[in-house]
Amino acid sequence: MSGEVLAGSCLCGSVAYHVRAPYLQFAHCHCRRCRKATGSGHATNLYVERPNFEWVRGEELTARFDLPSAKSFATTFCRNCGSPLPHHTRSGRIVVVPAGSLDDEPSISPQARIFWESRAEWSCSDAAPTFVAYPEWWK
Ligand SMILES: [Zn+2]
Ligand SMILES: [Zn+2]
């Protein structure tokens, strides 16, 4: 996986980036802040050292939010479509890449579920049936 380069972009495609292995970690984060920031049961992030990340286009369309009450919690998103994008930590050393924004498949799978005690009761704790698309009731 060393040297592997993954492409990523936002929902509208205005912002794009490249991230390069080696990865520090690939993890699901169930903390309350990640749940709020993603609107989902957990965030799934790929962590890399900053030199392994670069914007390809649209960096000027990104906006960053630093949570004032946190020592180091931030989000970055596309101003056009609102979807989450990578951001560097406050120390500037690490870039947190929301895995859902990747266009390519990483060669590794998530290695950890962190802040497991903070998870929502309904998140990742059941075996719901799977469907290829929307279920019947959606029509
Ligand atoms: Zn966008
Ligand atoms: Zn989190």
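Above this text you will find the structure in question.
Below or above, wherever it landed, is the structure these notes cover.

The rules behind each value
Residues numbered from 1 in each chain as written. Chains lettered and ligands numbered in written order. Predicted model: local features only at pLDDT ≥ 70, side-chain atom pairs only at ≥ 80, totals over all residues. Heavy atoms only, no water. Donors = N, O, S within 2.8 Å, 3.2 Å for Na, K, Ca; no water. Buried < 20%, exposed > 50% of the residue type's maximum accessible area, 1.4 Å probe, protein only. Tetrahedral: all angles 85-135°; square planar, octahedral: opposite > 155°, others 65-115°. Helix = DSSP H or I, 4+ residues; strand = E, 2+ residues; numbered from the N terminus. 1 Å grid on protein atoms, 1.4 Å probe; cavity = no way out; pocket = protein on both sides within 12 Å on 5 of 7 lines; lining within 4 Å. Points joined across faces, edges and corners; volume = space filled by probe spheres on them. Nonpolar A, V, L, I, M, F, W, Y, C, P; charged D, E, K, R; others polar.

1. Topic: the coordination of the zinc ion (ligand 2)
Line of reasoning, step 1. The protein atoms donating to the zinc ion (ligand 2) are Cys29 (SG), Cys31 (SG) and Cys34 (SG), with metal-donor distances spanning 2.1 to 2.3 Å.
Line of reasoning, step 2. The sequence pattern describing where the donors of the zinc ion (ligand 2) fall on their chain is C-x1-C-x2-C.
Line of reasoning, step 3. By relative accessible area, Cys29 is classed as buried at 4%.
Line of reasoning, step 4. The class of Cys31 is buried, set by a relative accessible area of 10%.

2. Points about the coordination of the zinc ion (ligand 1)
Four donors placed tetrahedrally around a metal ideally meet at 109.5 degrees, and six donors placed octahedrally ideally meet at 90 or 180 degrees.
Line of reasoning, step 1. Protein coordination of the zinc ion (ligand 1) is provided by Cys10 (SG), Cys12 (SG), Cys78 (SG) and Cys81 (SG), with donor distances spanning 2.3 to 2.4 Å.
Line of reasoning, step 2. Around the zinc ion (ligand 1), the four donor atoms sit at angles spanning 104 to 114 degrees, and that spread fits a shape best called tetrahedral.
Line of reasoning, step 3. In the primary structure, the donors to the zinc ion (ligand 1) are separated according to the pattern C-x1-C-x65-C-x2-C. With Cys10 in the loop between strand 1 (5-9) and strand 2 (16-20) and Cys78 in strand 7 (residues 74-78), the pair connects residues that are 68 residues apart, well separated along the chain.
Line of reasoning, step 4. By relative accessible area, Cys78 is classed as buried at 1%.

3. Things to note about the layout of surface pockets
Line of reasoning, step 1. Approximately 900 Å³ is the volume found for the largest pocket.
Line of reasoning, step 2. Taken together, 41 residues make up the lining of the largest pocket; nearest its centre are Cys34, Asn45, Phe73, His87 and Val96.
Line of reasoning, step 3. Going through the elements one at a time, helix 1 (32-38), strand 4 (43-49), strand 6 (62-66), strand 7, strand 8 (84-85), strand 9 (87-88) and strand 10 (94-98) are the ones with two or more residues in the lining of the largest pocket.
Line of reasoning, step 4. Classifying every residue of the lining of the largest pocket gives 20 nonpolar, 16 polar and five charged.
Line of reasoning, step 5. Each pocket or cavity is described by its volume, and for the second largest pocket that value is around 200 Å³.
Line of reasoning, step 6. Around the second largest pocket sit Arg50, Phe53, Trp55, Glu59, Thr62, Arg64, Thr76, Pro86, His87, His88 and Val95, which together line it.

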